[in-house]
Each structure stands twice: as C-alpha cells, then as structure tokens.
Amino acid sequence: MGSATTPARAATVHDAPDPGRPVIEIAAARTHYATPAGPLPVLDGVDLAVRPGEVVAVVGPSGCGKTTLLRVLQGLAPLDSGEVAVHGAAPGGAAETGYVFQQPSLFPWWNVRRNIEFGLKLRARGRRTSAAERRAQADRLLEIVGLTGFHDFRPAALSGGMQQRVNLARALAIDPAVLLLDEPFSAVDTLTRERLQRVLSRTLHALGTAAVIVTHDIREAVFLGDRVAVMSERPGRIVATFTVDHPRPRTEDFQHGEQLAAIAARVYRHLKDGDERAHAEQAAPAADAPHPEKRRAR
Ligand SMILES: Nc1ncnc2c1ncn2[C@@H]1O[C@H](COP(=O)(O)OP(=O)(O)OP(=O)(O)O)[C@@H](O)[C@H]1O
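Residues numbered from 1 in each chain as written. Predicted model: local features only at pLDDT ≥ 70, side-chain atom pairs only at ≥ 80, totals over all residues. Heavy atoms only, no water.

Draft legend 1. Quick look at the environment of N167. As for its position among the elements, N167 is in helix α4 (residues 160-173). In this structure, the C-alpha to C-alpha distance between N167 and Y99, residues 68 residues apart in sequence, is 9.0 Å. Ignoring sequence-local partners within four residues, the contact set of N167 consists of V100, F101, Q103, P104, S105 and L106. Of note is the side chain of N167, whose polar atom sits 3.5 Å from the backbone nitrogen of S105. (Helix = DSSP H or I, 4+ residues; strand = E, 2+ residues; numbered from the N terminus. Contact = heavy atoms within 4.5 Å. Polar contact = N/O pair within 3.5 Å; in protein donor to acceptor, adjacent residues only side chain to side chain.)

The structure is reproduced here in structure tokens:
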C-alpha cells in the first residue's frame, strides 16, 4: 500500500559526488516570472530528492508550477533562492537530462533510425562512434520501446503513439542522468496511453533511468511513480509524497487493480482538500472588509 509522508528535505547540494546520492536534489527552491503586472511567484520552497533509477510523478493544480519545476531541472529557470543539482552539478551543464513533451518533436525528413541516431550522436559528445555501433544501439532502443522493424519509416507514416515511442527512444539515446517528461501521453487515446505507460515503465526499468514525470492524470502518476509528489496551488511547493509500494516494471494487472485505485483515491483526496481550502480562502472576505451582514444592516 502507499504511504503518505511529509517531504524529506534534500541533503546539502553541490558537495562531493557519491554513487548512492540522489541524481536530483532540490532544496528550498524559489523562483518567479517577471510579468507586466510585476513578479509572479511560482515556486515557493520546493524540496525534492530523486534517487538513481527512481521515478517520481508530480501532480498538482493547473498553473501551480509543475512545468516550471522541470524548467528549473533543465537550468532554464534560475532560482531566486534555494539550491538545485542534477548528478551533483548545476543543471544545464554536462549532466544530461532527456526531455519528452506532450507533442513528439521528431525530424520529419529523417527516418526513425536516424532520429534516434541523432540522440546517440549527442551522447557521444564529439567522440567517434562507428555507424554500425550507432545502428546497433538505435535498434536496441527500438526493440525496448516495441518498434522493431519500423526503423525505415518516416515519422509521418507512424501513429501519434508510435511517434511518441520514437521520441522516448531518442530522449533515452543520450543516456540521460534523468529523464524529464511533461504530460507525455496526453495527446493520445486512452488505450494507447495505457500501452505507452507500460512501455515507459518497462523502458525505465530496463535502462535503470531516473525520471520525473509531470501529469494531470492521477492514475498515470501512481502507475509510473515509485513516489507521487503532490504540489500545492501556486506558488507551488511539494505538500505530500505518496509512496507506491509495488515492483516495477508494472503490468496491466496493476494498472487496473485495487492497489492502484486505492492509492489514486488517496492522492485525489489530498488534491481535492487542497483545492477546497484554496477556493474557500479566495471566497472568504478580507479581514478588514465589513462582514456582509453588517454591510446590509448599514
Ligand atoms: N514565461 C512565463 N512568463 C510569465 N508567467 C509564466 C510563464 N510561464 C508560466 N507562467 C505562469 O507561471 C505559473 C506556473 O506555470 P506552469 O506552466 O509551471 O504551471 P503548471 O503547473 O505546469 O500548469 P499546467 O498544469 O496548467 O500545465 C502559471 O501561472 C503561468 O501562467
């Protein structure tokens, strides 16, 4: 069964690398966007540590800062305060992060194998690798994502779900320290989505890759995550973490079973309570405003 815990504070970041240390460490992270109306606080004290090979799913209300959290991990959103490290270094540096977004972003003029080989070239970072070696690695990744035999196809000749699998294989080809996924399966139908969830679970397990996946789908979060982190309304922080105590790779039985449903119900309840609290606060009159009854009486 899953258990809820208050989030553990990440250890001090940027100290000497050690093999057992988390691949992602975020401590007390705060950030904002500059808008015409002034600074918009988006993250307010986010703490998160992700261990090697661990998958953390992040859920939270729309606009709470989930995508911004992934941007922080890519080094695209600077922090106002707090610390972030990927593989012990500042994000955006040598420690690679792979990304999978909602829409596949494949090169349309290249076939599937060349798209994946592009990731392999990035991984080589200028080192020479033979064409035969790259081809063998690309074909292995295609096998892992269940697309053996489709290497010669152009993206346009594949379904949306197949394109997303190629996208996943390409992101994994760079052998990232951590894979970041932002609503990766929201553009496909339910059955394809469930199939892709199983492919992703198998693939991450086979390669031992750590991942942070942002999703609006609570069942998807529970299916994929070793932990599900729940964010508050903006400015967001992680207010609860649910452990999903079920071995990976996960199967269709778990996807439709009682254990997943029970954990998902608890995550849902937590989100719903937060939503009700936030809306009650918005609806409450300001402390110095006259009480509506008194206003009427005047
Ligand atoms: N470049 C930007 N400039 C100004 N404000 C931004 C920018 N990007 C995002 N925001 C705002 O920051 C807040 C958090 O956005 P973010 O995309 O991180 O939320 P989210 O939790 O991923 O949302 P959703 O679940 O709806 O995708 C939102 O209020 C959004 O309007």
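Draft legend 2. Expanded view of the site of the ligand. Around the ligand, the surrounding shell holds 14 residues, and the nearest of these are S62, G63, K66, T68 and H216. Within the contact set of the ligand, an oxygen atom lies 2.7 Å away from a side-chain nitrogen or oxygen of K66. Out of a free accessible area of 640 Å², the ligand has 61% covered by protein chains. Among the elements that take part in the shell around the ligand, helix α1 (residues 66-73) stands out by supplying 3 residues, more than any other. Its residues assigned to classes, the shell around the ligand comprises 5 nonpolar, 7 polar and 2 charged. (Near = heavy atom within 4 Å. Areas by Shrake-Rupley, 256 points an atom, 1.4 Å probe, with all protein chains shown as cover. Nonpolar A, V, L, I, M, F, W, Y, C, P; charged D, E, K, R; others polar.)

Draft legend 3. Inspection of the environment of L204 at higher detail. Tracing the sequence through the fold places L204 in helix α5 (residues 190-207). On the accessibility criterion, L204 (3% relative accessible area) is buried. In this structure, the C-alpha to C-alpha distance between L204 and I144, residues 60 residues apart in sequence, is 9.7 Å. (Buried < 20%, exposed > 50% of the residue type's maximum accessible area, 1.4 Å probe, protein only.)

Draft legend 4. View of α1. Buried residues dominate α1, accounting for 6 of its 8 residues. Three or more residues of α1 are buried, namely K66, T68, L69, L70, V72 and L73. Taken from the residues just after α1, G75 is the one with a positive phi, measuring 80°.

Draft legend 5. Representation of the confidence of the model for the protein in the model. Per-residue pLDDT for the protein has a mean of 85; in total, 86% of the residues score no lower than 70. Across the protein, the secondary-structure element scoring lowest on mean pLDDT is helix α9 (residues 292-297), at 43, and the one scoring highest is strand β4 (residues 55-59), at 97. Segment residues 6-17: pLDDT under 50, and 28 contacts once partners within four positions in sequence are set aside and those in other chains are kept. Of the regions scoring below 50 in pLDDT, residues 291-298 engages in 2 contacts with residues more than four places distant in sequence or in other chains. (pLDDT = per-residue confidence, 0-100.)

Draft legend 6. Highlighting the pattern of salt bridges. Scanning the entire structure with this criterion turns up 11 salt bridges. A salt bridge links R227 to E54, with the shortest nitrogen-to-oxygen separation between them at 2.7 Å. Of this pair, R227 sits in strand β9 (residues 227-231) while E54 sits in the loop between β3 (38-50) and β4, and the two are 173 residues apart along the sequence. A single burial state applies to R227 and to E54, both of which are buried. With a shortest N-O distance of 3.8 Å, D226 and R250 are connected by a salt bridge. Taken together, the residues D226 in the loop between α6 (218-224) and β9 and R250 in the loop between β10 (238-243) and α7 (252-255) connect sequence positions 24 residues apart. A residue is classified by how much of its surface remains accessible, and R250, at 2% relative accessible area, is buried. (Salt bridge = Lys/Arg side-chain N within 4 Å of Asp/Glu carboxyl O.)

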